[in-house]
Amino acid sequence: DALGIPRLAPRPQTYLAEGEKIAAQELLAATEEGPCIGFIVGASVAFKAWPVERWTAAARLLAAQGKKIVLLGGPGEAETASQIVAGANEAIAAN
């Protein structure tokens, strides 16, 4: 801005790497019926992470309203996702 150079509009990632396509298709197949809500369970720093109990409560509440919950994240969030699945029972459509 200080140099007077116009900013480019942010562009979301609109593609999947070849290895991610199959995983994405499996997630979508698990949520074919009903609205789907993705939970991104990780955070860039620990103090921004939401407690597992809150993710679990939110998943149960939304599932009771007919929503399909998909947990999203990378290898660093695997333990958190496993805890959410264990606490939310059948509320999680895909992890």
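Residues numbered from 1 in each chain as written. Predicted model: local features only at pLDDT ≥ 70, side-chain atom pairs only at ≥ 80, totals over all residues. Heavy atoms only, no water.

Colleague: Can you tell me about unusual backbone geometry, naming the residues and giving the values?
Modeller: Phi angles above zero are rare outside glycine, and Asn89 is one such case at about 55 degrees. Residue placement: Asn89 occurs in the loop between α3 (78–88) and β3 (92–94). (Helix = DSSP H or I, 4+ residues; strand = E, 2+ residues; numbered from the N terminus.)

Colleague: Account for the pairing of strand β1 (residues 36–40), naming residues and giving values.
Modeller: When β1 meets strand β2 (residues 68–72), the two strands line up parallel, connected through five bridges. Residue Cys36 lies in a different strand from β2, and its bridge partner there is Lys68. Read as a crossover between parallel neighbours, the route from β1 over helix α2 (residues 52–64) to β2 is right-handed. (Pairing = 2+ DSSP bridges. Right-handed = clockwise from strand over helix to strand, strands pointing away.)

Colleague: I'd love a proper account of the sheet that holds β2, names of residues and values included.
Modeller: Read from one edge to the other, the open sheet built from three strands follows the order β1-β2-β3, with strand pairing classed as parallel. Of all strands in the sheet, those bounded by a partner on one side alone are β1 and β3. Each strand of the sheet is rotated relative to its neighbour by a mean of 45 degrees, with strand direction disregarded. Where α2 meets the sheet, its contacts fall on β1, β2 and β3, and the angle it forms with β1 comes to roughly 180 degrees. (Axes fitted to C-alpha atoms, helices over the stretch in contact; angles between N-to-C directions. Contact = heavy atoms within 4.5 Å.)

Colleague: So, the nonpolar core: which residues are in play, and what are the values?
Modeller: The biggest cluster of nonpolar side chains holds 14 residues, and the ones touching the most others in it are Phe39, Val41, Ala59, Ile69, Leu71, Ile84 and Ile92. Put simply, the parts of the chain that give this core at least two residues each are α2, β2 and α3. Ranked by the residues each element gives to this core, the list is headed by α2, at five residues. What Ile84 contacts, discounting residues up to four positions off in sequence, is Val41, Val52, Trp55, Thr56, Leu71 and Ile92. (Core = buried A, V, L, I, M, F, W, Y, C linked by side-chain atoms within 4.5 Å. Buried < 20%, exposed > 50% of the residue type's maximum accessible area, 1.4 Å probe, protein only.)

Colleague: With reference to specific residues and values, describe the packing of aromatic side chains.
Modeller: Overall, the coordinates contain two aromatic pairs when judged by the stated rule. Seen in terms of ring centroids, Trp50 and Trp55 are 5.0 Å apart; in terms of plane orientation they differ by 90 degrees. Their pairing is edge-to-face. A residue is classified by how much of its surface remains accessible, and Trp50, at 39% relative accessible area, is partly exposed. (Phe/Tyr/Trp six-rings, centres within 6.5 Å; stacked < 30°, edge-to-face > 60°.)

Colleague: Can you break down α3 residue by residue, with the values?
Modeller: Of all the residues in α3, the buried ones are Ala81, Ile84, Gly87 and Ala88. Considered in projection along α3, the buried side chains sweep an arc of 130 degrees and stay on one side of the axis. For α3, the exposed residues lying more than 90 degrees away from the buried face are Glu79 and Ala86. Buried residues along α3 sit against α2, β2 and β3. (Arc of directions from axis to C-beta.)

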